[in-house]
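# Structural description and commentary
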Amino acid sequence: MTATRVKVTIRCNSCGEKFVLRGRRDRGRIDTGFKMCICSNVEDFAIEEMA
Ligand SMILES: [Zn+2]
């Protein structure tokens, strides 16, 4: 397994809400299990990986 644990900040581009989650990075893709913002936005997010 090559997955790396990362801390990720997800900001909703619709309402501006921020979520800090733990996720896994696997081959350049980050998987956090995050599905939906509280405003029902499901696809318009800015995802930022934290050190
Ligand atoms: Zn939102």
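Described in the following lines is the structure provided in the data block. Keep in mind that what you see is a predicted model, and the values were worked out from it rather than measured.

Cut-offs applied
Residues numbered from 1 in each chain as written. Predicted model: local features only at pLDDT ≥ 70, side-chain atom pairs only at ≥ 80, totals over all residues. Pairing = 2+ DSSP bridges. Helix = DSSP H or I, 4+ residues; strand = E, 2+ residues; numbered from the N terminus. Axes fitted to C-alpha atoms, helices over the stretch in contact; angles between N-to-C directions.

As a further point, take the sheet that holds strand β3 (residues 29-31). Taken in spatial order, the four strands of this open sheet run β3-β2-β1-β4, and their pairing is antiparallel. Each edge of the open sheet carries a strand with a single partner, namely β3 and β4 (45-50). Here the average twist between neighbouring strands, direction ignored, is 45°. Two elements, strand β1 (residues 4-12) and strand β2 (residues 18-26), share eight bridges in a ladder whose sense is antiparallel. Residue pairing across strands places Val8 opposite Leu21, the latter belonging to β2.

A loop of five residues connects β1 with β2, the two strands running antiparallel in sequence, and Gly16 in this loop sits at a positive phi of about 85°. Where β1 meets β4, six bridges bridge the pair, whose relative direction is antiparallel. Within β4, the position partnered with Lys7 by the bridge is Met50.

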